[in-house]
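# Per-entry structural report
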Amino acid sequence: ATLYNTTTRASYDFKVVPLSVGVPIILITFCSICVSLIVFISLIKTKTGNFFTWKVIDRFSLYTVVLDLLLYTTQTSYGIHQRFGKSTRINDLACSIYGILILEFAVAQVILCSAMAVYAFSLVVRNQNLNLGKWDSFIILPAIGVTIIELTVVAFFDKFSTNPV
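The paragraphs below set out a description of the structure included in this document.

### So, the pattern of salt bridges
- Following the criterion strictly, the structure yields 2 salt bridges and no others.
- Between Asp136 and Arg59 there is a salt bridge whose closest N-O contact spans 2.7 Å. Of this pair, Asp136 sits in the loop between α3 (92-125) and α4 (137-156) while Arg59 sits in helix α2 (residues 56-84); the two residues are 77 residues apart in sequence, bridging distant segments of the chain. Like Asp136, the residue Arg59 is buried in the burial classification.

### Structural notes on the packing of α2 against α3
- Running from N to C, α2 and α3 cross one another at 160°; their axes reach a closest spacing of 10 Å. Accordingly, the angle class assigned to the pair α2 and α3 is roughly antiparallel. Between α2 and α3 the crossing geometry is left-handed.
- Per-class residue counts for the contact of α2 with α3 are 18 nonpolar, 6 polar and 1 charged.

### Remarks on the side chain of Thr76
- Position of Thr76 relative to the elements: it lies in helix α2.
- A polar side-chain atom of Thr76 sits 2.7 Å from a polar atom in the side chain of Thr29.

Each value, and the rule that gives it
Residues numbered from 1 in each chain as written. Predicted model: local features only at pLDDT ≥ 70, side-chain atom pairs only at ≥ 80, totals over all residues. Heavy atoms only, no water. Salt bridge = Lys/Arg side-chain N within 4 Å of Asp/Glu carboxyl O. Helix = DSSP H or I, 4+ residues; strand = E, 2+ residues; numbered from the N terminus. Buried < 20%, exposed > 50% of the residue type's maximum accessible area, 1.4 Å probe, protein only. Axes fitted to C-alpha atoms, helices over the stretch in contact; angles between N-to-C directions. Parallel < 35°, antiparallel > 145°, perpendicular 65-115°, else oblique. Left-handed = near helix turned anticlockwise from the far one by under 90°. Nonpolar A, V, L, I, M, F, W, Y, C, P; charged D, E, K, R; others polar. Polar contact = N/O pair within 3.5 Å; in protein donor to acceptor, adjacent residues only side chain to side chain.

This is the structure we're talking about:
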């Protein structure tokens, strides 16, 4: 006996997020943008000199807050588009763009936090500073470069789909 899967679903068939969920998400991500901006401005105002002469922890903090800003901005724009863009549905291209951006900044933060943990471990336990490369390239390239290449390939082969939840 041969079984065939006849289940079909429209690709990216998003339903409108209920008002009781959509608006709080937009407000929370917008508040996160405000907090991240305050941290960003305070970091810029309190530090002087060339960025790469700052302490490593200050550079890590700035990288983290920039990724936060990008992630929350993308999430807020997605929420606004989903909630209030009733005439403009989220199509395949928009889904891929939101997917790439949200996952890029989220995965980049995970990689950056892992790099910070390894750096802190090396500093505390081994009492040695790790070489971060010229312009912190050993942190930035894996965090940003690898994930953007991976997500672009995923989008190119049309492997983004709706969240099954």
